[in-house]
Amino acid sequence: MDLALALAADCSGSVHAEHYALQQRGYGEAFRSKEVMRAIRSGIHGAVAVCYFQWSGYALQTLILPWTVLRSDEDIRQFASQMERADRTIFGGGTSPTGAIEFGHRLLSNMPVQAARRVIDVSGDGRNNTGPGPAEARKAAIAAGIVINGLPILHLEPDIDEYYEKNVIGGPGAFMVPARDYESFATAVRRKLVLEIADRNAPAILNEAFRRG
């Protein structure tokens, strides 16, 4: 695989039902977009492995979609539909990016396939408020060769992107793509997925992702 990507979606109490629906719809739209499909095919192997989990407090994470290899358009469309239809399993319990990083690290350490790159992608709208801070979890993931990227959602805390930059993301080439609110989540997640997945030798794909709103 060109990439193993663990998608971590915030389901803490601050994520209202309508926000959750927008988030899931955004994931589905992003994976079905031509930019993401082209990005998946742009690598040496033309395939990525993706899983999806929900998180909130330090010990509250649920694996929703296990590791799935995305290679064909049908693979991608099916995964997109599964994400859109995914039931919410967590409704509160605090906010712990630390727990999300540790859970993603475990998933990436027990993969059924090998991947050239391993990434945890944390989306969320709040800072750590339960359990230990993320410093040690981030350090351990980076030491294992895992990159942590972020999609901070700014609707409650306008400076949450600064918190993510200083405390959550890390590793070679780590980045974040902030979303102003849940209404703009779909655009942000599409751009982030293209940046994560696309072969860096395919700049046309990256440029196209940022031209389209």
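Conventions and cut-offs
- Residues numbered from 1 in each chain as written.
- Predicted model: local features only at pLDDT ≥ 70, side-chain atom pairs only at ≥ 80, totals over all residues.
- Heavy atoms only, no water.
- Helix = DSSP H or I, 4+ residues; strand = E, 2+ residues; numbered from the N terminus.
- Buried < 20%, exposed > 50% of the residue type's maximum accessible area, 1.4 Å probe, protein only.
- Contact = heavy atoms within 4.5 Å.
- Polar contact = N/O pair within 3.5 Å; in protein donor to acceptor, adjacent residues only side chain to side chain.
- Salt bridge = Lys/Arg side-chain N within 4 Å of Asp/Glu carboxyl O.
- Pairing = 2+ DSSP bridges.
- Axes fitted to C-alpha atoms, helices over the stretch in contact; angles between N-to-C directions.

Draft legend 1. Broad picture of the environment of Asn 129. Among the structural elements, Asn 129 can be located in the loop between strand E4 (118-124) and helix H5 (135-143). In this structure Asn 129 comes out as exposed when scored by relative accessible area, which is 55%. Between the alpha carbons of Asn 129 and Lys 166 there is a distance of 16 Å; along the sequence they are 37 residues apart. Setting aside residues up to four positions removed in sequence, Asn 129 forms contacts with Gly 94 and Thr 95. Of note is the side chain of Asn 129, whose polar atom sits 2.8 Å from the backbone nitrogen of Thr 95.

Draft legend 2. Representation of the pattern of salt bridges. Across all of its chains, the model carries seven salt bridges by this definition. A salt bridge links Glu 35 to Arg 190; the nearest nitrogen and oxygen atoms lie 3.6 Å apart. Note that Glu 35 is positioned in helix H2 (residues 34-41) and Arg 190 in helix H7 (residues 185-197), a separation of 155 residues in sequence. Residue class for Glu 35 comes out buried when judged on its relative accessible area of 1%.

Draft legend 3. Region of interest: the environment of Asp 181. Looking at the element boundaries, Asp 181 is found in the loop between helix H6 (160-167) and H7. By relative accessible area, Asp 181 is classed as partly exposed at 23%. Each C-alpha atom of the pair Asp 181 and Leu 22 lies 10.0 Å from the other, and the pair is 159 residues apart in sequence. Not counting the four nearest positions on each side in its chain, Asp 181 is found in contact with Ile 153 and His 155.

Draft legend 4. Local environment of the sheet that holds strand E2 (residues 48-55). Taken together, five strands build an open sheet; the order of strands is E3-E2-E1-E4-E5 and the sheet is mixed. Edge positions in the sheet fall to strand E3 (61-70) and strand E5 (146-152), since each of these pairs with one other strand and no more. Taking each pair of neighbouring strands and ignoring which way they run, the sheet shows an average axis angle of 15 degrees. Bridge count for E4 against E5 is seven bridges, and the pairing is parallel. Residue pairing across strands places Val 119 opposite Val 147, the latter belonging to E5. Here helix H1 (residues 17-32) sits on the sheet and contacts strand E1 (3-10), E2, E3 and E4; the angle it forms with E1, its principal contact strand, is near 160 degrees.

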